[in-house]
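Breakdown of the fold
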Amino acid sequence: MSAEIPAPQMGFPKIYQVIKNSLCTACGGCEAICPMQAAKVQLYDEANYDKFTPTVDEPTVVKLFSEISREDNYCANRQCYVDCDTCLACQNCLACERICPILDGFPGDDELDNVIDQRIGKSSIHGQDGGAVTGILKSLFEQGEIDAALSVSRNEDWETEVVVLTSAEQVASAAGTKYTYEPVLSSLREVLKNYEKIAVVGTPCQAHAASLLRENLTDKIKLVIGLICMESFTYDDMGENIIPDIMGLDRKTVKKLDFAKGKFVAETADDKALVPIKEIAHLARKPCHHCMDYTSYYADISVGSIGSPDGWSTIFIRNDIGKEYLDKAKGIEYHDKPIFMDIVVKLAAQKHKNNAWDYEKFNEVVWAGGEWTPEEHST
């Protein structure tokens, strides 16, 4: 690492290990649950990269990571991690440990063993493929089944931000997959103050943490929609490297990004550019290289495009909650053909193989209070 982070004397003993070893997904769950607001997920500028991140040898380093356990946040006098401007200190309640997706672990080799139903669907609303997520949220808002939804929107430069949707009319603003990462759950604390029926849309790690938050913190999270996801990127890599330099496109002209048939595809109104996924995979955020969840195993409903015809969405229903809310959603058209499962299984297995590490041993050591070293990541 480029900066020595002192071992914590109080608080975060297990979260500390996740961050120190660059496993933190920056899902934002710890920020949502921390009663002292001592845990934060922040975006740092380039001037701070070499000081605070352990990934300076990568082409573009990961910018999103948890602020807890940071060297500049450590108070030697009080022997704790503290925001000295507001004196918000960890009180060692360890709530953050209960909702960390890394500390909870990953699904087994069969990511589909909890699927109770599967459908190919699409809505009439513009979305990534079949627009299923957009259609589901819009319908649930219209029926009063939800009064808020956490998602991500983008501008014409493909810069992303977390948004709190509060009406059916706002849903379209968050349509489409962005492939860059935002700490969705960081906004949950404020949402919980003002809304009673919340939906969360996110990547596998975010869906996992949202499910843990529902289990450990609040029953206001009514629905968790997980995205089928191989990896994500920082905005610097996607908007300032992959799209303009590798694909040769003006990002303002790009209408859609997609992974398809081993290629990363960027579409404009008049053309499309393709690049083999293997040529950009190494640019993915560092925590993505340790993720062993492709299909958002811990969500109520998982949605993607893999295994479905063009213009349709693959939908996996993973529990009774997911079935209840999907059945309530109106305006979703379903295909009469089944999902092509072979490709889903193949890609899930590929992600497991490419990202294989001994996370079970990691959790065994960490939960027992031991120290973990990066050399032990490999199987």
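Keep in mind that what you see is a predicted model, and the values were worked out from it rather than measured.

A closer look at the side chain of Ser151
Tracing the chain through its elements places Ser151 in strand β7 (residues 148-154). The buried category is assigned to Ser151, whose relative accessible area is 9%. The residues contacting Ser151, other than those within four sequence positions of it, are Glu161, Val162, Val163, Leu165, Ala174 and Val201.

So, the sheet that holds strand β15 (residues 313-317)
Across the sheet, which stays open at both edges, the eight strands sit in the order β8-β7-β9-β10-β14-β15-β6-β16 with mixed pairing between neighbours. Only two strands of the sheet have a single partner each, and these edge strands are β8 (160-165) and β16 (332-334). Direction aside, the axes of adjacent strands within the sheet are offset by 30° on average. Pairing analysis gives five bridges linking strand β6 (residues 117-123) to β15, with the strands arranged antiparallel. Within β15, the residue paired with Gln118 across the bridge is Phe316.

A short note on the nonpolar core
If you look at the biggest cluster of nonpolar residues, it comprises 48 residues, and the most contacted ones within it are Val18, Leu188, Val200, Leu213 and Phe362. Ranked by residue count, the leading element in this core is helix α8 (residues 204-216), at six residues. Each residue touching Leu213, except ones within four places of it in the same chain, is listed here: Gly29, Ala32, Ile33, Ile99, Leu185, Leu188, Thr218 and Ile221. Counting residues in hydrophobic clusters, the runner-up holds 25 residues, among them Ala174, Ala199, Val201 and Val303.

Concerning the confidence of the model for the protein chain
Looking at the protein chain, the pLDDT average stands at 82 and 81% of residues meet or exceed 70. This stretch, residues 1-12, has a pLDDT under 50; its non-local contacts, to residues over four places away or in other chains, come to 39 contacts. Contacts for the low-pLDDT stretch residues 44-71, under 50 throughout, to residues beyond four places or in other chains number 82 contacts.

As for helix α12 (residues 359-367)
When we look at burial in α12, the residues that qualify are Tyr359, Phe362, Asn363, Val365 and Val366. End-on view of α12: buried residues confined to an arc of 165°, all on one side of the axis. In α12, the exposed residues that point more than 90 degrees away from the buried face are Glu360 and Glu364. Trailing α12 by a residue or two, Gly369 shows a phi angle of about 90°, which is positive.

Details of the packing of aromatic side chains
Evaluation of the coordinates by the stated rule reveals seven aromatic pairs. Geometrically, the ring pair formed by Phe106 and Trp357 is edge-to-face, given 6.5 Å between the ring centres and 75° between the ring planes. Highlighted residues: Phe106 in the loop between α5 (101-104) and β6 and Trp357 in the loop between α11 (341-354) and α12, separated in sequence by 251 residues. Judged by relative accessible area, which is 14%, Phe106 ranks as buried. Between Tyr297 and Tyr298, the ring centres sit 5.0 Å apart and the planes meet at 75°, which makes this aromatic pair edge-to-face. On the accessibility criterion, Tyr298 (21% relative accessible area) is partly exposed. In textbook terms, an aromatic cluster arises when at least three aromatic residues are bridged by ring pairs, as seen for Phe106, Trp357, Tyr359, Phe362 and Trp372. Positioned above the aromatic ring of Trp158, the side-chain terminus of Arg154 is 3.6 Å from the ring centre. One cation-aromatic arrangement involves Arg285 over Tyr181; the distance from NZ or CZ to the ring centre is 4.0 Å.

Conventions adopted
Residues numbered from 1 in each chain as written. Predicted model: local features only at pLDDT ≥ 70, side-chain atom pairs only at ≥ 80, totals over all residues. Heavy atoms only, no water. Helix = DSSP H or I, 4+ residues; strand = E, 2+ residues; numbered from the N terminus. Buried < 20%, exposed > 50% of the residue type's maximum accessible area, 1.4 Å probe, protein only. Contact = heavy atoms within 4.5 Å. Pairing = 2+ DSSP bridges. Axes fitted to C-alpha atoms, helices over the stretch in contact; angles between N-to-C directions. Core = buried A, V, L, I, M, F, W, Y, C linked by side-chain atoms within 4.5 Å. pLDDT = per-residue confidence, 0-100. Arc of directions from axis to C-beta. Phe/Tyr/Trp six-rings, centres within 6.5 Å; stacked < 30°, edge-to-face > 60°. Lys NZ or Arg CZ within 6 Å of the ring centre and 35° of its normal.

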